[in-house]
Amino acid sequence: MEISENNPQTNTIELSQLLADEYLLYNNTRNSHWNVEGTDFYEKHKFFENQFEEIDGVIDNVADRIRSLTRYAYATLKSFLALTHFREVKTNEDDCQTYLKELLSDHETIIIHCRENVHCFGTKDKDPGTNNFITELMENHEKMAWFIRSHLQ
């Protein structure tokens, strides 16, 4: 069965919003990496670095998925800010707990968005490839959120 003309457009709208969220999450994680302070600075600095490197790969994968559906991926800050569920830096506090809580909230927002849309791709839109992609992406964010929650214990 072939994907209809409308489905790639519908799917790329959702994926473009997800790309914007991923980019803002990347930016917020970079901010945490650069500005965290405290007695466990080095550990958290490295933790945030690992997270933003993983998110960087996710961003590329989402953009590649959009392109594979024969659409162009947005790549401007203006477009990301118009599409995202997030906002830029939410606090001026540089303590690790604040950063962790904010990033956890961002990951959970992406997880919820993925859960709300995962079945639409496979059933309504007849796009099992994007369905599988979103499922894997959701699982990736669930793991990153688990790591953050473990730091908050």
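Whatever comes next refers back to the structure up there.
Because the structure is predicted, anything quoted here is derived from the model rather than measured.

Some words on the overall build of the chain
Broken down by element type, the chain carries five helices and zero strands. Tracing the chain from N to C terminus, the helices and strands come up as α-α-α-α-α. Buried residues in the chain amount to 45% of all 153 residues. Summarising the internal contacts of the chain: among those between residues at least 6 apart in sequence, 80% fall at separations of at least 24. With the model as given, the accessible surface of the chain reaches about 8500 Å², and the carbon-plus-sulfur share is 49%.

Let's talk about the environment of Leu-18
As for its position among the elements, Leu-18 is in helix H1 (residues 6-35). For Leu-18, a relative accessible area of 1% gives the class buried. Expressed as a C-alpha distance, the spacing of Leu-18 and His-113, which sit 95 residues apart in the sequence, is 8.2 Å.

A few points about the side chain of Gln-51
One can find Gln-51 in helix H2 (residues 41-68). Under the relative-accessibility criterion, Gln-51 is labelled buried at 4%. Contacts of Gln-51, omitting those with residues within four sequence positions, involve Thr-29, His-107, Met-144, Phe-147 and Ile-148.

A look at the environment of Leu-103
Secondary-structure assignment places Leu-103 in helix H4 (residues 96-124). Spatially, the C-alpha atom of Leu-103 lies 10.0 Å from that of Arg-149, the residues being 46 residues apart in sequence. When neighbours within four sequence positions are excluded, Leu-103 is seen to be in contact with Leu-25, Asn-28, Thr-29, Ser-32, Phe-48 and Ile-148.

Re H2
Along its 28 residues, H2 runs 40 Å from first to last C-alpha, staying within 8% of the 40 Å computed at 1.5 Å per residue. Just downstream of H2, Thr-70 is the residue with a positive phi angle, here 65 degrees.

Looking at the packing of aromatic side chains
Scanning all chains against the criterion turns up six aromatic pairs. Ring centres of Tyr-26 and Phe-52 lie 5.9 Å apart, and the angle between their planes is 90 degrees; this geometry places the pair in the edge-to-face category. Of the two residues, Tyr-26 sits in helix H1 while Phe-52 sits in helix H2, which places them 26 residues apart along the sequence. Take Tyr-26 and Phe-52: they sit in the same class, and that class is buried. With centroids separated by 5.0 Å and ring planes inclined at 70 degrees, the aromatic side chains of Trp-146 and Phe-147 adopt a geometry described as edge-to-face. Three or more aromatic residues link up through ring pairs in this structure, and these residues are Tyr-23, Tyr-26, Phe-52 and Phe-80.

Comments concerning the nonpolar core
Across soluble globular proteins, nonpolar side chains show a tendency to be buried alongside one another. Counting 37 residues, the largest nonpolar core has Phe-48 and Ile-134 as the members making the most contacts within it. Of all the elements in the fold, those that place two or more residues in this core are H1, H2, H4 and helix H5 (128-152). Among the elements that take part in this core, H4 stands out by supplying 10 residues, more than any other. Aside from chain neighbours lying at most four places away, what touches Phe-48 is Thr-29, Ser-32, His-33, Val-36, Cys-96, Tyr-99, Leu-100 and Leu-103.

Parameters at a glance
Residues numbered from 1 in each chain as written. Predicted model: local features only at pLDDT ≥ 70, side-chain atom pairs only at ≥ 80, totals over all residues. Heavy atoms only, no water. Helix = DSSP H or I, 4+ residues; strand = E, 2+ residues; numbered from the N terminus. Buried < 20%, exposed > 50% of the residue type's maximum accessible area, 1.4 Å probe, protein only. Contact = heavy atoms within 4.5 Å. Areas by Shrake-Rupley, 256 points an atom, 1.4 Å probe, with all protein chains shown as cover. Expected span 1.5 Å × (residues − 1). Phe/Tyr/Trp six-rings, centres within 6.5 Å; stacked < 30°, edge-to-face > 60°. Core = buried A, V, L, I, M, F, W, Y, C linked by side-chain atoms within 4.5 Å.

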